[in-house]
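Residue-level structural notes
What follows is each chain in one-letter form.
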Amino acid sequence: SRGGQGKIIKCTETTPPPPPQDISFKYDYEDTNLVILWNPPVNFQRDIVRYQIFRRLTIDDQFDLIGQIDFDQSEIILPRAEKVPEEINLTYSFPKYKFIDTSYDRTKSYIYALCAVDAHDLSSNFSMQYNIDFNIFENQMYVSLFSAGNSPKPFPNLNLTNILSEDSIKISG
């Protein structure tokens, strides 16, 4: 029989990775830094190549990218949509699940969140957001859940655990 007609099909992945999970915070009393640890998310594509660490002071502030763990060892590195300054882009040849915030000021309260980025430059939503307070009188750090995970980057306050406003529609009785 005759050969079939060939067809070119372009395969693209459109599924972003899930955010990092099991995030924990430790205060380094010796160097006065905040150490952030996490576990990689369950990712069936197994293509996460970067982790981004974000911080802000209040819910009214935008998140600032304070660090990126980049371990992309792809043969062909795709163009990146997000431009990250070189001084906060930490490159490694292996995955790393630890970040040290050297600019942490224990007299301030911060909100932290993380994102994962895959080899196709698809970014996860925010992880759970945590509020970090340091009580200087007790010399102890307090960590509290601030927001449930999966808030999109443009809307970090979407899944806040506290109610921001009262319902505008009420029913009597």
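Data block above holds the structure.
Only a predicted model underlies this, so the values are computations on that prediction, with no experimental measurement involved.

This next bit is on the sheet that holds strand 6 (residues 98-101). Backbone hydrogen bonds hold the strands of a sheet together, and the pairing may be parallel or antiparallel. A sheet is described by the order of its strands in space; here three strands give the open sequence 1-2-6, paired in antiparallel fashion. Of all the strands in the sheet, the pair left with one neighbour each is strand 1 (21-28) and strand 6. Ignoring strand direction, the axes of neighbouring strands in this sheet form an average angle of 20 degrees. As paired strands, strand 1 and strand 2 (residues 33-39) are joined by six bridges and run antiparallel to one another. Note on strand 2: the bridge partner recorded for Asp28 is Asn33.

This part is about the environment of Phe137. If you trace the backbone, Phe137 turns up in the loop between strand 8 (129-135) and strand 9 (140-147). Along the sequence, Phe137 and Tyr110 sit 27 residues apart, while their C-alpha atoms lie 18 Å from each other.

The full count for this structure, using the stated rule, is five salt bridges. Between Arg50 and Asp121 there is a salt bridge; the shortest N-O distance is 2.7 Å. Of the two residues, Arg50 sits in strand 3 (residues 48-56) while Asp121 sits in the loop between strand 7 (110-118) and strand 8, which places them 71 residues apart along the sequence. Neither residue differs from the other here; Arg50 and Asp121 are each classed as buried. Asp101 is the salt-bridge partner of Arg55, the closest N and O atoms lying 2.8 Å from each other. A residue pair is termed long-range when its members are at least 10 positions apart, and Arg55 in strand 3 and Asp101 in strand 6 qualify at 46 residues. Judged on exposure class, the residue Arg55 and its partner Asp101 are both buried. What emerges from the salt-bridge pattern is a single network uniting Asp70, Asp72 and Arg80.

Definitions and limits used
Residues numbered from 1 in each chain as written. Predicted model: local features only at pLDDT ≥ 70, side-chain atom pairs only at ≥ 80, totals over all residues. Heavy atoms only, no water. Pairing = 2+ DSSP bridges. Helix = DSSP H or I, 4+ residues; strand = E, 2+ residues; numbered from the N terminus. Axes fitted to C-alpha atoms, helices over the stretch in contact; angles between N-to-C directions. Salt bridge = Lys/Arg side-chain N within 4 Å of Asp/Glu carboxyl O. Buried < 20%, exposed > 50% of the residue type's maximum accessible area, 1.4 Å probe, protein only.

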